There are 2 protein chains.
Amino acid sequence: MSTRTGRPPKISRREIVTAALRVIEEDGTGALTMRRLAREVGSTAMALYHHVRDKEELLLLLLDDYAAAIPRPALPDEPRERMVAAAMAMHDAVSGCPWAVDILKADDLMSVGALWYPEQIVDAAVHAGLTIEEAVDVYRIIWHYTAGEIGGRAAARRRREEGGPTYRERVFAELDAEEFPRLSTVARRWEDLTARDTYAKGVRAIVNGLLP
Amino acid sequence: MSTRTGRPPKISRREIVTAALRVIEEDGTGALTMRRLAREVGSTAMALYHHVRDKEELLLLLLDDYAAAIPRPALPDEPRERMVAAAMAMHDAVSGCPWAVDILKADDLMSVGALWYPEQIVDAAVHAGLTIEEAVDVYRIIWHYTAGEIGGRAAARRRREEGGPTYRERVFAELDAEEFPRLSTVARRWEDLTARDTYAKGVRAIVNGLLP
DNA sequence: ACCTGAACACCGTTCAAGT
DNA sequence: ACCTGAACACCGTTCAAGT
């Protein structure tokens, strides 16, 4: 029997997390401030601190909530293909919330709700003949690659939205063909060349390069 | 003959950049604020805006300066080995300034001063038999992996310095062995397993996986 | 041309007080 | 127990004025 006393809560963690996800979805991760979030749940910024320790804990909650909600695809049995498929599913999941990379990378591992991906990758690697230690290495290499790819793409999009010539464009426009013979031949096509999605190609290379 | 008039400058771009690098070296990238930097050069925050457009341009200048100062290693002739060596040199260079990842990734390419690395990698890839388009893909995959690895390691170090149990530690302590059979067997060794430097292993895998 | 001080519009977070 | 308002200690940047 619950006999807790005191003022009944006006807002819940659930409400806060839901509102936070909505804010990010609508106005991007930069818009998620404690004050904005408070306004969103009809309260004050300081009330939030009664439900989450600080902003970092909030982001962690957010991530768990988000990750747990994503459906898990059926994976092929063959270990190689299973690793690639699990990596791509992980990539898709995190692509949906690029802000998560900044939280996740701190521990080079995902939140509870997202541990399914590393579990699958490590398990498949062991089935492919690696030791558990090697399998962990493989997972981490794949994760670093995934985090780098998503981080890069998120930053590129942000830059594109801001408009105006990027630093790279300025640099590439006056590239010295003597010093950079290869880069100068692709300078004008760089935008197109780098717009292609090469994630799968990279994952396959890593998997093929690391499995016996 | 220079006949420019007006008040003579008290501070120069050079001075600003040098001071900024010193601040970062001494107190980390988080300590680099316009106000702190101004104090360091004996001026006001607002005076800085007469020499750099905004903080982003300052960071770009910083990066160029830093990258240009790094000595370039001699690379082996054999294309595969050259790619690996160039990637590792790039990794070393950027490791020295993890803050650079955030600037660089926006354009998935480096500053002028650092263009040497992609040039070498792309060139070696072409010598290994790839088309220029494929070579650019390889470079980008390597770069994403490199950025992810450095970003992850920088974040891990930051976290370690802060002390206290990480989120991962808490999660791993109560990991369900039924749901995560693989991860739970390595949970207690995770710290050690992930402390190992696997960058070279990853780069070799990518190179071997992508070259014919 | 270059520098300054005051001010703007923000942050995350703490603290003492209210209900 | 939960919420509030005021305040602290910051940010990057703009603007009008000085030399």
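Owing to the predicted nature of the structure, the values given are computational and were not obtained by experimental measurement.

Side note on the overall build of chain A
- Check the secondary structure of chain A and you find twelve helices and zero strands.
- Starting at the N terminus and ending at the C terminus, chain A contains elements arranged as α-α-α-α-α-α-α-α-α-α-α-α.
- In summary, chain A has a C-alpha radius of gyration of 22 Å against a globular reference of 17 Å for 212 residues, an excess of more than 25%.
- By the burial criterion, 51% of the 212 residues in chain A qualify as buried.
- Counted over contacts in chain A with a minimum sequence separation of 6, partners at least 24 positions apart contribute 65%.

A word on the nonpolar core
- Ranked by size, the top nonpolar core spans 152 residues in total, and within it A:Ile142 and B:Ile142 carry the most contacts.
- Leaving out residues up to four positions away in the same chain, A:Ile142 has contacts with A:Met83, A:Ala87, A:Met90, A:Ile121, A:Tyr199, A:Ile206 and A:Val207.

Here's the deal with the domain arrangement of chain A
Residues and elements named next belong to chain A.
- In terms of domain boundaries, chain A breaks down into domain 1 (13–68) and domain 2 (79–210).
- Each side of the interface is counted separately: domain 1 has eleven residues, and domain 2 has eleven residues.
- Contact between domain 1 and domain 2 buries roughly 880 Å² in total, counting both sides, with carbon and sulfur atoms accounting for 77%.
- The tally of links between domain 1 and domain 2 comes to zero salt bridges.
- Counting across the interface, domain 1 meets domain 2 through four residue pairs in polar contact (both at pLDDT 80 or more).
- In terms of residue count, helix α4 (residues 55–69) provides more of the side of domain 1 that touches domain 2 than any other element does, eight residues in total.

Some thoughts on the protein's contact with DNA strand D
- Close to DNA strand D lie 22 residues, the nearest being A:Lys10, A:Ser43, A:His51, B:Arg35 and B:Tyr49.
- Close to the protein, within 4 Å, the atoms of DNA strand D belong to sugar or phosphate groups at a rate of 52%.
- Take A:Ser43: an N or O atom from its side chain is 2.8 Å from a phosphate oxygen of DNA strand D.
- Within the backbone of B:Met34, an N or O atom sits 3.1 Å from a phosphate oxygen of DNA strand D.
- Those elements that provide at least two residues to the surface near DNA strand D are α3 (45–48) of chain A together with α2 (34–40) of chain B.
- A per-class count over the surface near DNA strand D returns eight nonpolar, seven polar and seven charged.

Brief notes about the interface of chain A and chain B
- Taken together, the contact pairs 63 residues of chain A with 63 residues of chain B.
- In total, about 5,800 Å² of surface goes out of reach between chain A and chain B, with carbon and sulfur atoms giving 62% of it.
- For the interface between chain A and chain B, the tally reads eight salt bridges.
- Linking A:Asp123 and B:Arg182 is a salt bridge whose minimum nitrogen-to-oxygen distance equals 2.6 Å.
- The tally of links from chain A across to chain B stands at 14 residue pairs in polar contact (both at pLDDT 80 or more).
- Residue assignment for the side of chain A that touches chain B shows that the elements contributing at least two residues are α4, α7 (116–127), α8 (132–162), α9 (167–173), α10 (181–186), α11 (190–193) and α12 (199–210) of chain A.
- Per-element accounting of the side of chain A that touches chain B gives the leading share, 17 residues, to α8(A).
- Tallied by class, residues from the side of chain A that touches chain B come to 30 nonpolar, twelve polar and 21 charged.

What about the relation of the copies chain A and chain B?
- For the pair chain A and chain B, the superposition axis carries a translation of 0.0 Å, the fit reaches an RMSD of 0.0 Å, and the rotation angle comes to 180°. One copy is carried onto the other by what is essentially a two-fold rotation axis.
- When the interface residues of chain A are mapped onto chain B, 100% of them again lie at the interface, so the same face is used by both copies.

What to know about helix α4 (residues 55–69) of chain B
- When the terminal C-alpha atoms of α4(B) are compared, their 21 Å separation across 15 residues agrees well with the 21 Å that a helix rising 1.5 Å per residue should span.
- Where the residues of α4(B) are buried, they touch α9 of chain A together with α1 (13–27), α2 and α6 (99–104) of chain B.

Section: the side chain of B:Asp123
- Here B:Asp123 shows up in helix α7 (residues 116–127).
- A relative accessible area of 15% means that B:Asp123 is categorised as buried.

Topic: the pattern of salt bridges
- Tallying each qualifying case throughout the model produces 28 salt bridges over all chains.
- We note a salt bridge from A:Arg36 to A:Glu40, for which the minimum N-O separation is 3.0 Å. Pair noted here: A:Arg36 and A:Glu40 are both in helix α2 (residues 34–40), with a separation of four residues, about one helical turn.
- A salt bridge links B:Arg36 to B:Asp27; its shortest N-O distance comes to 2.9 Å.

Points about the protein's contact with DNA strand C
- As a matter of local geometry, DNA strand C sits amid 22 residues, with A:Arg35, A:Met46, A:Tyr49, B:Lys10 and B:His51 nearest to it.
- Contact distances for DNA strand C include 3.1 Å between a phosphate oxygen and a backbone N or O atom of B:Ile11.
- Residue assignment for the surface near DNA strand C shows that the elements contributing at least two residues are α2 of chain A together with α3 (45–48) of chain B.
- When grouped by side-chain class, the residues that make up the surface near DNA strand C number eight nonpolar, seven polar and seven charged.

Considering α12(A)
- Look at α12(A): 17 Å from first C-alpha to last across twelve residues, which is about the 16 Å you get at 1.5 Å a residue.
- Listed as buried for α12(A) are A:Tyr199, A:Gly202, A:Val203, A:Ala205, A:Ile206, A:Val207 and A:Leu210.
- In the core, the buried residues of α12(A) are packed alongside α5 (79–95) and α8 of chain A together with α8 (132–162) and α12 (199–210) of chain B.

Comments concerning the UniProt feature "DNA-binding region" (unreviewed entry) in chain A
- Here the UniProt feature "DNA-binding region" (unreviewed entry) sits at residues 33–52 of chain A.
- In residues 33–52 of chain A, helix accounts for 55% and strand for 0%; the two terminal C-alpha atoms are 14 Å from one another.

Looking at the environment of A:Leu183
- With respect to the helices and strands, the residue A:Leu183 is situated in helix α10.
- Here the alpha-carbon distance between A:Leu183 and A:Ala147, two residues 36 residues apart in the chain, equals 25 Å.
- Discounting residues that sit within four places of it in the chain, A:Leu183 has contacts with A:Leu175, A:Trp190, B:Leu115, B:Pro118, B:Glu119 and B:Val122.

Definitions and cut-offs
Residues numbered from 1 in each chain as written. Chains lettered and ligands numbered in written order. Predicted model: local features only at pLDDT ≥ 70, side-chain atom pairs only at ≥ 80, totals over all residues. Heavy atoms only, no water. Helix = DSSP H or I, 4+ residues; strand = E, 2+ residues; numbered from the N terminus. Rg over C-alpha atoms; globule rule 2.2 N^0.38 Å. Buried < 20%, exposed > 50% of the residue type's maximum accessible area, 1.4 Å probe, protein only. Contact = heavy atoms within 4.5 Å. Core = buried A, V, L, I, M, F, W, Y, C linked by side-chain atoms within 4.5 Å. Domains from an automatic or database assignment. Buried area = accessible area lost by both parts, 1.4 Å probe. Salt bridge = Lys/Arg side-chain N within 4 Å of Asp/Glu carboxyl O. Polar contact = N/O pair within 3.5 Å; in protein donor to acceptor, adjacent residues only side chain to side chain. Near = heavy atom within 4 Å. Nonpolar A, V, L, I, M, F, W, Y, C, P; charged D, E, K, R; others polar. Least-squares fit on C-alpha atoms with pLDDT ≥ 70 in both. Expected span 1.5 Å × (residues − 1). UniProt positions renumbered as here; feature names shortened; annotations may be inferred.

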